[in-house]
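# Survey of secondary and tertiary structure
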Amino acid sequence: MRKPIIVGSVVIATLAFAGVVLFARQDKSSRPSPPAKAECRLADSKTVTIDYSSPRAKGRKIFGALVPYGQIWRAGANESTTFVVGSDIAVGGKAVPAGNYTLFAIPGENKWTLVISKKTGEWGTAYPGPDNDLARIDMKVSKTSAPVENFTIAFDQSGGACTLRMEWESTRASVGIK
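Residues numbered from 1 in each chain as written. Predicted model: local features only at pLDDT ≥ 70, side-chain atom pairs only at ≥ 80, totals over all residues. Heavy atoms only, no water.

## Digging into the nonpolar core
- Counting residues in each nonpolar core, the largest one holds 36 residues, and the members touching the most others are Phe83, Val91 and Leu114.
- Elements represented by at least two residues in this core include exactly strand 1 (35–41), strand 2 (47–53), strand 3 (81–85), strand 4 (89–91), strand 6 (99–106), strand 7 (111–117), strand 8 (133–158) and strand 9 (161–177).
- When neighbours within four sequence positions are excluded, Phe83 is seen to be in contact with Val48, Thr49, Ile50, Ile89, Val91, Val96, Gly99, Asn100, Tyr101, Leu103 and Ile116. (Core = buried A, V, L, I, M, F, W, Y, C linked by side-chain atoms within 4.5 Å. Buried < 20%, exposed > 50% of the residue type's maximum accessible area, 1.4 Å probe, protein only. Helix = DSSP H or I, 4+ residues; strand = E, 2+ residues; numbered from the N terminus. Contact = heavy atoms within 4.5 Å.)

This is the structure we're talking about:
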């Protein structure tokens, strides 16, 4: 009687372990919101790297509907959007020391706010609260020249500085980094 119970327990444990390993090795590129990366190289070999997941519009109204105006948004999908700063920099004129951070945004029709959080590792929409904010920085808002299907974070390089831009639907939000 004990032998079947032991064998059954071993089989169940093995299947559970195999499931965990398969889940951990899931190909993130096959997700509906696949991973993406943006990198900026500033003067003196300073780097800024953003890792995020890029959701698709799929014909939906995004800003002011799916992503409400005036509310904190995770600026991507799936895992938190990470903001890795290799050296001390300034974002929109505010000092950001070297380190790992999480990015959020507060979209508005005419102005966005970039939120740099000191707390990292969140999943989904969980915002850790203003007590964990390193900075809140105003972003300029403009219209894109054409609709943007995939949420995109990118950098425009100009000399020793970069402009961080977030684009989706017909909206572009941007802020300077030095």
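## Quick word on the pattern of salt bridges
- All chains considered together, the criterion is met by eight salt bridges.
- With a shortest N-O distance of 2.4 Å, Glu167 and Arg172 are connected by a salt bridge.
- One connected set of salt bridges, linked through shared partners, spans Asp156, Arg165, Glu167 and Arg172. (Salt bridge = Lys/Arg side-chain N within 4 Å of Asp/Glu carboxyl O.)

## Notes on the side chain of Asp133
- Looking at the element boundaries, Asp133 is found in strand 8.
- At 2.7 Å, the side chain of Asp133 and the side chain of Tyr127 are in polar contact. (Polar contact = N/O pair within 3.5 Å; in protein donor to acceptor, adjacent residues only side chain to side chain.)

## Brief notes about unusual backbone geometry
- Although it is not a glycine, Ser45 adopts a positive phi angle of roughly 60°.
- Its location among the elements puts Ser45 in the loop between strand 1 and strand 2.
- Judged by its relative accessible area of 70%, Ser45 falls in the exposed class.
- A positive phi angle is found at Asn78, which is not glycine, with a value near 60°.
- Looking at the secondary structure, you find Asn78 in the loop between strand 2 and strand 3.

## Let's talk about the packing of aromatic side chains
- Counted according to the given criterion, the structure contains nine aromatic pairs.
- Between Trp73 and Trp112, the aromatic rings sit 6.2 Å apart at their centres with planes inclined by 90°, giving edge-to-face as the arrangement. A residue pair is termed long-range when its members are at least 10 positions apart, and Trp73 in the loop between strand 2 and strand 3 and Trp112 in strand 7 qualify at 39 residues. Note on accessibility: Trp73 and Trp112 belong to one class, buried.
- Ring geometry for Phe104 versus Tyr127: centroids 5.2 Å apart, planes at 75°, classification edge-to-face. Here the residue Phe104 occupies a position in strand 6, and Tyr127 occupies one in the loop between strand 7 and strand 8, the gap between them amounting to 23 residues.
- You can call Phe104 buried: its relative accessible area is 1%. (Phe/Tyr/Trp six-rings, centres within 6.5 Å; stacked < 30°, edge-to-face > 60°.)

## Section: the state of the cysteines
- Under the defined criterion, the tally for this structure stands at one disulfide.
- Across the disulfide, Cys40 is cross-linked to Cys162 (sulfur-sulfur distance 1.8 Å). Taking the sign of the torsion about the S-S bond as the criterion, the disulfide between Cys40 and Cys162, at about 95°, is right-handed. Of this pair, Cys40 sits in strand 1 while Cys162 is found in strand 9, placing the two residues 122 residues apart along the sequence. (Disulfide = S-S within 2.5 Å.)

## Focus: the pairing of strand 7
- Extensive coverage of strand 7 is indicated by the burial of six of its seven residues.
- In this structure, the hairpin formed by strand 6 and strand 7 is closed by a connection of four residues.
- Pairing of strand 7 with strand 8 involves seven bridges; the strand directions are antiparallel. The residue of strand 8 that forms the bridge with Ser117 is Asp133. (Pairing = 2+ DSSP bridges.)

From the geometry alone we can't say anything about function, so treat these as descriptive.
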